[in-house]
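Here is how the chains run, residue by residue.
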Amino acid sequence: MFRVTGPGRLGPSGPARAAALTANLDPVDALDLARWQFGVTTVYHFLFVPITIGLSALVAGLQTAWVRTGDERWLRLTKFYGKLLLINFAMGVVTGIVQEFQFGMNWSDYSRFVGDIFGAPLAIEALLAFFLESTFLGLWIFGWDKLPKKVHLACIWAVAIGTQLSAYFILAANSWMQNPVGYRFNPDTGRAELTDFAAVLTNKVTLVTYPHTVAGCFLVAGALMLAIALWHLVRNGAEEFRPALRLGAWVTMVAALATLVTGDIQGKIMTDVQPMKMAAAEGLYETERSAGLSVFTIGSLDGSREVYALKIPGLLSWLGQGDVNAAVEGVNDLQARYSAQYGAGSYTPIIPVTYWSFRLMIGFGLLTALVAAWALWTHRKGRRPTSRWLVRAGIVLPLLPLAANAFGWIFTEMGRQPWIVFGEMLTRDGVSRTVSASEVVTSLAGFTLLYGLLAVVEVKLLLRFIRPGLPDPAPPPETDTDDRPLAFAY
Amino acid sequence: MDLSTIWFILIAILFTGYFVLEGFDFGVGILLPLLGRDDRQRRVLINTIGPVWDGNEVWVLTAGGAMFAAFPEWYATLFSGFYLPLLLILVALILRGVAFEYRGKRDDPQWKSWWDRAIFFGSLLPALLWGVAFGNIVRGVRLDATHEYVGGFWALLNPYALLGGLVTLSLFTTHGAVFLALKTTGEIRERANVLAGRTGLAAAALAVGFLAWTLFGVRGGAAAAVLAMFAALALVGGLAANLVRREGWAFAGTAAAIALAVACLFAALFPDVLPSIVDPANSLTVDNASSTSYTLKIMTWVAVVFTPIVLAYQGWTYWVFRKRIGVDHIPQA
């Protein structure tokens, strides 16, 4: 078969496919639509994922505290935050099915090209993680009166472990797109083939992305726990929420610190494997020694007209290479280098998107930590502040880390463009060629409408459930008899 | 045996597991408005599958993931080719899954009736469409020389595939009714038993017709024929057991019938995974659609180690929630 001289590789069947690709101009529109659909459904899915990952572990922690101390306060918190977890889990599960199907539905040429490598972590994720999560969550929800206390506790821990496994395998798959390793390109089949699975699982991008993402998830869950506690404490003086406030705030601050540390390492690795992404993060066009990082820029970001930029000197050099004096390759030089390496074409992502998403990720993350510190400080040593600003902060707080997570994904995925697999396959070559633009319009409109409706329902339901505060302590169930109502039922 | 053949069998097993398990979930959802005459009865129905439906649904995620990993070409062609039916299945599964979780969270009849509709249609649509999809896989579709599907949407709605859809719909409904007779008490148990007898007759007629059409008109082979025969026997046996109120045996019968029918379709399909009706040379087969043997070897190890563990804890879940449920067990909202 052949390796095209133009950017990227075409699908498996060579010339026939190349002809089909140029003859059929329709997929160009379908391509943009498919990208929008992937973006919309993924960002939406990832509103629920961090809550599930972070909150399952926090609820497991609360329940452990109850089982160990026998203190009913912990049980009430477990049930309260557990219910929040369930409302979110349902949305995470159903929107996750779309994610798995979407590769084949909208990105079939990508799936053909990478299936030998990318499919394995996905299948393993389902077998190891999804079964564990969903089965044991079912046991946890309905098993309050049917299982011994400690077995029941083990169920929620199994869910929490399942979410971690799930995160690891899906991030291993994503990291392979960022930095393909452990494979070879087979010219006979025209596809990438796995040669070293251990290398895929220990990809240096995976090893740093996993802690970074999980820290981001705990940032969300901690902030959510804190926000609800803050609202109830300050507005209603509900003292029973104080332990949740402290736990949530500490988790948030530790998670924020962890995202900073891992993010810093990730920046250095990214500078090594995808220097274009880091140059695009700053909108640095010309290679520079001791490159600075701007906090914001007024004016256009196309390198032609910068009205004003607040810059921290040397910071980009330090983030990328750990040395404030190091040279950072600019977009223009990288573009020239890639053109020579991969053939004519644009290898530059959309700079305003990468520039701002990078800043919004960091900004929203830091803001989350600041609010957490403020809440903790005002509540120190049993103090009972009544500031209405604290109540307002509590209302906005959960949105901040969710936005930080979303912008983080937008940054890393948009920063990889035009590649779908960096250096191996262009996004435009990965799209399904037999799926028409009108079909993608149908699905994009359908998902957007459905997701929008469900978002409204979900938020209303959450608020309705959060408002009354902790449930009354139910008498602990004794034995499971035949005619007694179920402890929990749909 | 070839690794790619082993993976063909494993994917057949995953889909079999999915249809046996989620089959009764779909059936319960379809029967919700029929057997649940008031809110309390409907809650009984939903709670029979409450702890397990989500775990059952993971079977299809694993099947899809395994297809992606073991037969990328099959996964790519099938999922992009059957775009609109899969979209409908996704929308249905989303609404249904959310409905289970949200329905009981507000005590408002209007709210509940909306989610009841979501459960009904969200169960009915996939029960029908999975049959249509598998009918098309077995019958073969228009694949071009690059193994891409070029048949369009309407070609998927051919008589054979539509009959396949009616088979899964009636079979899952019967399976659900038999499951409800096994898992409930009182009035619902009685009504489910009677209803299973009726839908069972329709399912038997449709299934026998469909399997005969498959063997004599589409593709067959000795193994498929034997499996089809056993599937029919299992269904008849299950219905007979239902008639004499042996509910456990009735459920075993419908479960076996579904499993054997799915096995029959996969046996008929082998060694193709997606035949082309344009030119047999365009067909996707276990050989030309599979991953490398290195990938398959790793996946085999993972499957050998973890599948028994999954089966063990899922089986344990069914044991924990083995008791029958009646209206008296439903707590006040």
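What counts, and where the lines are drawn
Residues numbered from 1 in each chain as written. Chains lettered and ligands numbered in written order. Predicted model: local features only at pLDDT ≥ 70, side-chain atom pairs only at ≥ 80, totals over all residues. Heavy atoms only, no water. Phe/Tyr/Trp six-rings, centres within 6.5 Å; stacked < 30°, edge-to-face > 60°. Helix = DSSP H or I, 4+ residues; strand = E, 2+ residues; numbered from the N terminus. Buried < 20%, exposed > 50% of the residue type's maximum accessible area, 1.4 Å probe, protein only. Lys NZ or Arg CZ within 6 Å of the ring centre and 35° of its normal. UniProt positions renumbered as here; feature names shortened; annotations may be inferred. Axes fitted to C-alpha atoms, helices over the stretch in contact; angles between N-to-C directions. Parallel < 35°, antiparallel > 145°, perpendicular 65-115°, else oblique. Contact = heavy atoms within 4.5 Å. Nonpolar A, V, L, I, M, F, W, Y, C, P; charged D, E, K, R; others polar. Salt bridge = Lys/Arg side-chain N within 4 Å of Asp/Glu carboxyl O. Buried area = accessible area lost by both parts, 1.4 Å probe. Polar contact = N/O pair within 3.5 Å; in protein donor to acceptor, adjacent residues only side chain to side chain. Domains from an automatic or database assignment. 1 Å grid on protein atoms, 1.4 Å probe; cavity = no way out; pocket = protein on both sides within 12 Å on 5 of 7 lines; lining within 4 Å. Points joined across faces, edges and corners; volume = space filled by probe spheres on them. Patch = residues over 30% accessible without salt bridge, like charges linked within 9 Å, V, L, I, M, F, W, Y side chains within 5 Å. Areas by Shrake-Rupley, 256 points an atom, 1.4 Å probe, with all protein chains shown as cover. Core = buried A, V, L, I, M, F, W, Y, C linked by side-chain atoms within 4.5 Å. Expected span 1.5 Å × (residues − 1).

Engineer: I tried to follow the packing of aromatic side chains on my own but got confused; where do I start?
Structural biologist: Both the distance between ring centres and the angle between the ring planes are used here to describe each pair of aromatic rings. Evaluation of the coordinates by the stated rule reveals 60 aromatic pairs over all chains. Ring geometry for Phe142(A) against Phe321(B): centres 6.3 Å apart, planes inclined by 85°, an arrangement best described as edge-to-face. Within this pair, whereas Phe142(A) is found in helix α4 (residues 108-142), its partner Phe321(B) is found in the segment after α11 (293-320), the two belonging to separate chains. Of the two residues, Phe142(A) and Phe321(B), neither departs from the other in class, the shared state being buried. One aromatic cluster is present, built from ring pairs that chain together Phe8(B), Phe15(B), Tyr18(B), Phe19(B), Phe26(B), Phe71(B), Trp74(B), Trp130(B), Phe134(B), Phe172(B), Phe266(B) and Phe270(B). Against the face of Trp377(A) rests Arg380(A), its NZ or CZ located 3.8 Å from the ring centre.

Engineer: Can you help me understand the UniProt feature "transmembrane region" (unreviewed entry) in chain B in this one?
Structural biologist: Residues and elements named next belong to chain B. The UniProt record marks residues 6-35, 82-102, 114-137, 157-182, 194-216, 222-241, 248-270 and 298-321 with the feature "transmembrane region" (unreviewed entry), using the residue numbering of this structure. As annotated, residues 6-35 has a helix share of 100% and a strand share of 0%, and its two end C-alpha atoms lie 42 Å apart. Annotation note: span residues 298-321, helix share 96%, strand share 0%, distance between end C-alpha atoms 35 Å.

Engineer: Mind showing me how you'd approach the packing of helix α8 (residues 242-273) of chain A against helix α9 (residues 275-282) of chain A here?
Structural biologist: If you want to describe how two helices pack, look at the angle between their axes and the distance between the axes. All names here are of chain A. Remark: α8 packs on α9, axes separated minimally by 5 Å, with the N-to-C direction vectors making an angle of 120°. As far as their axial angle goes, α9 and α8 are oblique. Every residue of α9 that contacts α8 at Gly267, Met270, Thr271, Asp272 and Val273 is listed here: Pro275, Lys277 and Met278. For the contact of α8 with α9, the residue count by class is four nonpolar, two polar and two charged.

Engineer: I would appreciate a short explanation of the pattern of salt bridges in the present structure.
Structural biologist: Side chains that differ in sign of charge can pair as their charged atoms come close. All names here are of chain B. This model, assessed by the stated rule, comprises 29 salt bridges over all chains. For Arg189, the salt bridge is made with Glu247, and the minimal N-O distance between the two is 3.0 Å. You can see Arg189 sitting in helix α8 (residues 186-218) and its partner Glu247 sitting in helix α10 (residues 247-269), a full 58 residues away along the chain. Note that Glu247 is salt-bridged to Arg324, the shortest N-O span being 2.7 Å.

Engineer: Whenever I open this one, the interface of chain B and chain A confuses me. Can you help?
Structural biologist: Listed by partner, the interface residues are 73 residues for chain B and 79 residues for chain A. Regarding the contact of chain B and chain A, the summed buried area is about 6,900 Å², with carbon and sulfur atoms giving 71% of it. Of all residues in chain B, Leu61(B), Phe68(B) and Tyr83(B) give up the largest surface area on contact with chain A, accounting jointly for 10% of the area buried on that side. Linking chain B with chain A are three salt bridges, by the criterion used here. Residue Arg112(A) is joined to Glu148(B) by a salt bridge in which the shortest nitrogen-to-oxygen separation is 3.1 Å. Across the chain B-chain A interface, the total number found is 18 residue pairs in polar contact (both at pLDDT 80 or more). Among the elements of the structure, α2 (39-49), α3 (53-70), α4 (72-81), α5 (83-103), α6 (109-139) and α11 of chain B are those that each provide at least two residues to the side of chain B that touches chain A. When the residues that make up the side of chain B that touches chain A are grouped by side-chain class, the tally is 44 nonpolar, 19 polar and 10 charged.

Engineer: Would you mind showing me how to read the domain arrangement of chain A here?
Structural biologist: Many structure descriptions define interface size as the accessible area lost when the parts assemble. Residues and elements named next belong to chain A. Looking at the assigned domains, one finds that chain A contains domain 1 (15-271 + 350-466) and domain 2 (275-348). In this complex, domain 1 contributes 23 residues to the contact, which on the side of domain 2 involves 25 residues. Summed over both partners, the interface of domain 1 with domain 2 buries about 2,100 Å², with 65% contributed by carbon and sulfur atoms. Considering only the side of domain 1, the residues that lose the most area to domain 2 are Thr271, Ile351 and Tyr355, jointly responsible for 29% of the buried surface there. Where domain 1 packs against domain 2, one counts one salt bridge. The shortest N-O distance in the salt bridge between Arg359 and Glu282 comes to 2.5 Å. At the surface where domain 1 touches domain 2, the tally comes to nine residue pairs in polar contact (both at pLDDT 80 or more).

Engineer: I would appreciate a short explanation of unusual backbone geometry in the present structure.
Structural biologist: Excluding glycine, most residues fall at negative phi; most peptide bonds, likewise, are trans. Cis geometry marks the peptide bond from Gln417(A) to Pro418(A); its omega dihedral reads 10°. For the bond running from Phe270(B) to Pro271(B), omega is 5°, close enough to zero to count as cis. With respect to the helices and strands, Pro271(B) occurs in the loop between α10 and β1 (272-274). If you check the backbone angles, Lys381(A) has positive phi at about 50° while not being a glycine. Structurally, the position occupied by Lys381(A) is in the loop between α12 (351-378) and α13 (388-396). Classification of Lys381(A) by relative accessible area gives exposed; the value is 77%. Of note, Arg245(B) is a non-glycine position whose phi angle comes to about 65°, a positive value.

Engineer: Help me out: how do you make sense of empty space enclosed by the protein in this one?
Structural biologist: Residue and element names in this part refer to chain B. Tallied over the full model, the rule gives nine cavities of 30 Å³ or more. Here the largest cavity defines a volume of roughly 210 Å³. Of all the secondary-structure elements, those providing two or more residues to the lining of the largest cavity are α6, α7 (159-183), α8 and α10. Residue composition of the lining of the largest cavity, grouped by class: 13 nonpolar, four polar and no charged.

Engineer: Which parts of the structure should I look at to understand the side chain of Ser123(B)?
Structural biologist: Residue and element names in this part refer to chain B. Note that Ser123 resides in helix α6. With relative accessibility at 0%, the residue Ser123 sits in the buried group. Only 3.5 Å separates the side chain of Ser123 from the side chain of Arg96, close enough to count as a polar contact. Setting aside anything within four residues of it in sequence, one finds Ser123 in contact with Asp25, Phe26, Gly29, Ile30, Arg96 and Ala118.

Engineer: It is not clear to me how a nonpolar patch on the surface should be interpreted in this structure. Could you clarify?
Structural biologist: Residues and elements named next belong to chain A. A contiguous nonpolar patch, built from Leu257, Leu260, Val261, Ile265, Ile362 and Leu366 and spanning about 510 Å² of accessible area, is present on the exposed surface. Those elements that place two or more of their residues in the nonpolar patch are α8 and α12. Per-element tally for the nonpolar patch: the top contributor is α8, with four residues. Under the relative-accessibility criterion, Ile265 is labelled partly exposed at 40%.

Engineer: Please clarify how the nonpolar core should be interpreted in this entry.
Structural biologist: In globular proteins that are soluble, nonpolar side chains generally tend to be buried together. Grouped together as the largest cluster of nonpolar side chains are 253 residues, with contacts concentrated most on Leu55(A), Tyr81(A), Tyr110(A), Phe241(A), Trp74(B) and Trp130(B). The leading source of residues in this core is α4(A), at 19 residues. Apart from residues lying up to four places away in sequence, Trp130(B) is in contact with Phe101(A), Tyr18(B), Phe19(B), Phe26(B), Val60(B), Leu86(B) and Ile89(B). Ile269(A), Met278(A), Met361(A) and Phe411(A) belong to the second largest nonpolar core, which has 16 residues in total.

Engineer: I would appreciate a short explanation of helix α7 (residues 204-236) of chain A in the present structure.
Structural biologist: Since one α-helical turn is 3.6 residues long, residues separated by three or four positions face the same way. Residue and element names in this part refer to chain A. If you check α7, its first and last C-alpha atoms are 48 Å apart, about what 33 residues at 1.5 Å a residue would give, namely 48 Å. Most of α7 is tucked away, with 27 of its 33 residues classed as buried. Downstream of α7 by a residue or two, Gly237 has a phi angle that is positive, lying close to 60°.

Engineer: How should the packing of helix α3 (residues 72-106) of chain A against α5(B) be read in this particular structure?
Structural biologist: Running from N to C, α3(A) and α5(B) cross one another at 170°; their axes reach a closest spacing of 9 Å. Here α3(A) is positioned roughly antiparallel relative to α5(B), judged by the angle of their axes. From α3(A), Leu86(A), Ile87(A), Ala90(A), Met91(A), Val94(A), Ile97(A), Val98(A), Phe101(A), Met105(A) and Asn106(A) reach across to α5(B), where they touch Tyr83(B), Leu86(B), Leu87(B), Leu90(B), Leu93(B), Ile94(B), Gly97(B), Val98(B), Glu101(B) and Tyr102(B).

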